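# A look at the structure
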Amino acid sequence: MVFEKVETPFVATDFILPQLKTGEVLVENTYSTVCTSDLHTYYGKRSGCTHSVLGHEVIGRITDLGDGNPKDYFGEQLAKGDLITWSVYAYDPNSENSKKGFPQKSEGLYKYGHEQISEEHQFNGGFGTHTHLRSGTAIFKLPRDIQPKVAAPINCSHATIAGAIRLAGDLRDKKVLVNGTGMLGLSACAQANYYGAKSVWAQDIREEKLAQALDFGASQTFLVGKDPIQEASVTSGGMDVVIETSGTPEAIEQCFDLLAIGGVLVLVGSVFPQRDCQLNAEKLVRKLLTVKGLHNYIPEDLGRAIDFIDASHHRFSFEKLVGMEYPLTQLDTAFEMGHSGKYFRIGVFQG
Ligand SMILES: [Zn+2]
């Protein structure tokens with residue numbers, strides 16, 4: 001389903017399946033979810049290539065393998081029929097940024113669900129029948145008992161939060177605040193709880209979204225403008241870790257002020273243009289604070305996100321976050337429903 005133009009119906013287009021090169025893998029997509037960034041691209045809130053195939057929260061089954069025995073991230077053999085997920089990008093491990101530990105910023109990075117359709121690569125997103133995986137993609141086999149609608153968001157939302165938690169450090173006995181309770185925020189509540197945080201607070205401006213946080217591991221919720229988080233934080237001695245998913249400068253400035261001595265603020269939501277933030281440097285120095293940013297994630301984070309979902313998908317009802325499901329042929333309706341903002345995710349299945 002080709003994305004040709006902002007807010008214009010997707011165009012069902014036939015392409016011939018590719019001849020695989022060494023190290024490449026062909027996947028039949030089985031289930032995808034509409035990520036907020038897909039909506040941002042489709043509705044023109046950020047620039048995206050056209051023509052392209054959107055969709056990067058996706059799982060599928062291997063239908064073909066190129067020469068060179070393509071392996072999964074752990075070096076295990078892959079075979080036709082394997083159910084897999086993969087990093088949202090293909091990277092060059094020998095690039096300067098990869099060698100520095102930032103494969104997601106590898107020179108010449110190829111991002112699934114974002115790339116312009118070319119003569120060589122048409123099947124590059126989740127909203128198509130297949131995905132053509134390039135060499136340099138971190139591939140992971142999926143446990144079979146995870147529902148497709150729960151598994152699809154692992155390689156974007158859950159892996160990004162796994163990366164944020166890696167940057168935040170050991171959460172055991174820490175007081176954690178999650179700001180913004182969209183898909184990323186709920187995953188952050190659940191993962192902070194899973195990794196042994198002493199308390200998990202959640203804050204949002206939307207009461208209906210915030211209500212879900214308690215089911216996903218939050219111990220206390222704060223509605224912006226109603227519940228006084230400042231006082232509560234001071235009384236409790238401040239927050240050791242804040243995971244900020246909203247990306248709004250006002251929220252970032254408030255979260256910074258809530259940090260305890262040695263506190264860490266991890267920003268993951270700031271992926272659209274905003275004004276500069278005002279953070280007090282004397283406070284940062286005297287309170288030994290750290291502010292970190294994370295964009296995308298590294299393959300290890302995706303591995304940890306799969307383990308987290310495998311261990312906790314019976315404990316947290318992630319399946320409830322997919323509010324509606326549509327076949328790929330009704331992708332326009334899926335995007336309309338996503339745009340309504342009523343649901344955390346919309347599911348798209350093949351058939
Ligand atoms: Zn995404």
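Residues numbered from 1 in each chain as written. Predicted model: local features only at pLDDT ≥ 70, side-chain atom pairs only at ≥ 80, totals over all residues. Heavy atoms only, no water.

### Some remarks on a nonpolar patch on the surface
Taken together, the side chains of Leu-279, Leu-284, Val-285 and Val-291 make up a nonpolar region of the molecular surface, amounting to roughly 290 Å² of accessible area. In this structure, Val-291 sits in strand S12 (residues 290-293). (Patch = residues over 30% accessible without salt bridge, like charges linked within 9 Å, V, L, I, M, F, W, Y side chains within 5 Å. Areas by Shrake-Rupley, 256 points an atom, 1.4 Å probe, with all protein chains shown as cover. Salt bridge = Lys/Arg side-chain N within 4 Å of Asp/Glu carboxyl O. Helix = DSSP H or I, 4+ residues; strand = E, 2+ residues; numbered from the N terminus.)

### Notes on the coordination of the zinc ion
Donor atoms from the polypeptide that bind the zinc ion are Cys-35 (SG), His-56 (NE2) and Cys-156 (SG), placed at 2.0 to 2.2 Å. Motif for the zinc ion, donor spacing along one chain: C-x20-H-x99-C. Here Cys-156 lies in the loop between helix H3 (148-151) and helix H4 (157-168) and His-56 lies in the loop between helix H1 (36-42) and strand S2 (57-65), a separation of 100 residues in the sequence. Both residues of the pair, His-56 and Cys-156, count as buried. (Donors = N, O, S within 2.8 Å, 3.2 Å for Na, K, Ca; no water. Buried < 20%, exposed > 50% of the residue type's maximum accessible area, 1.4 Å probe, protein only.)

### Quick look at the domain arrangement of the chain
Domain boundaries assigned for the chain yield domain 1 (25-147 + 313-349) and domain 2 (167-293). With centres defined by C-alpha atoms, the gap from domain 1 to domain 2 works out at 28 Å. Between domain 1 and domain 2, a total of about 1000 Å² is buried, with carbon and sulfur atoms accounting for 73% of that surface. Among the residues of domain 1 in contact with domain 2, Phe-316, Leu-321 and Phe-344 are the three that bury the most area, contributing 53% of the side total. Linking domain 1 to domain 2 there are 2 residue pairs in polar contact (both at pLDDT 80 or more). (Domains from an automatic or database assignment. Buried area = accessible area lost by both parts, 1.4 Å probe. Polar contact = N/O pair within 3.5 Å; in protein donor to acceptor, adjacent residues only side chain to side chain.)

### Structural notes on the pattern of salt bridges
Inspection of the entire model under this criterion finds 13 salt bridges. Glu-325 is the salt-bridge partner of Lys-149, the closest N and O atoms lying 3.8 Å from each other. Remark: Glu-325 occurs in strand S13 (residues 322-327) and Lys-149 occurs in helix H3; sequence separation between them is 176 residues. Using a relative accessible area of 37% as the deciding quantity, one classes Glu-325 as partly exposed. Linking Lys-283 and Asp-257 is a salt bridge whose minimum nitrogen-to-oxygen distance equals 2.9 Å. With Lys-283 in helix H9 (residues 281-286) and Asp-257 in helix H8 (residues 249-257), this pair connects stretches of sequence that are 26 residues apart. Here Asp-257 falls in the partly exposed class, since its relative accessible area comes to 35%.

### So, the sheet that holds S12
Strand order in the open sheet formed by 6 strands is S9-S8-S7-S10-S11-S12, and the pairing between neighbours is parallel. What marks the edges here is a single partner per strand, and that holds for strand S9 (220-223) and S12. Within the sheet, the average angular offset between the axes of one strand and its neighbour, ignoring direction, is 15°. Each of strand S7 (175-179), strand S8 (199-204), strand S10 (239-244), strand S11 (259-267) and S12 is contacted by H8, which is oriented at about 155° to S11, the strand it contacts most. (Pairing = 2+ DSSP bridges. Axes fitted to C-alpha atoms, helices over the stretch in contact; angles between N-to-C directions. Contact = heavy atoms within 4.5 Å.)

### Overview of the nonpolar core
Core analysis: the largest hydrophobic core is formed by 55 residues, its most contacted members being Ile-154 and Phe-318. Top contributing element to this core by residue count: H4, with 7 residues. Core analysis: the second largest hydrophobic core is formed by 20 residues, Tyr-43, Phe-127, Ala-334 and Met-337 among them. (Core = buried A, V, L, I, M, F, W, Y, C linked by side-chain atoms within 4.5 Å.)

### Some words on the packing of helix H5 (residues 183-194) against helix H10 (residues 299-312)
Viewed as axis vectors pointing N to C, H5 and H10 meet at an angle of 80°, and their least axial separation amounts to 11 Å. Relative to H10, the element H5 is oriented roughly perpendicular. Taken together, the residues of H10 that come into contact with H5 (itself represented by Ala-190, Gln-191 and Tyr-194) are Asp-307, Phe-308, Ala-311 and Ser-312. (Parallel < 35°, antiparallel > 145°, perpendicular 65-115°, else oblique.)

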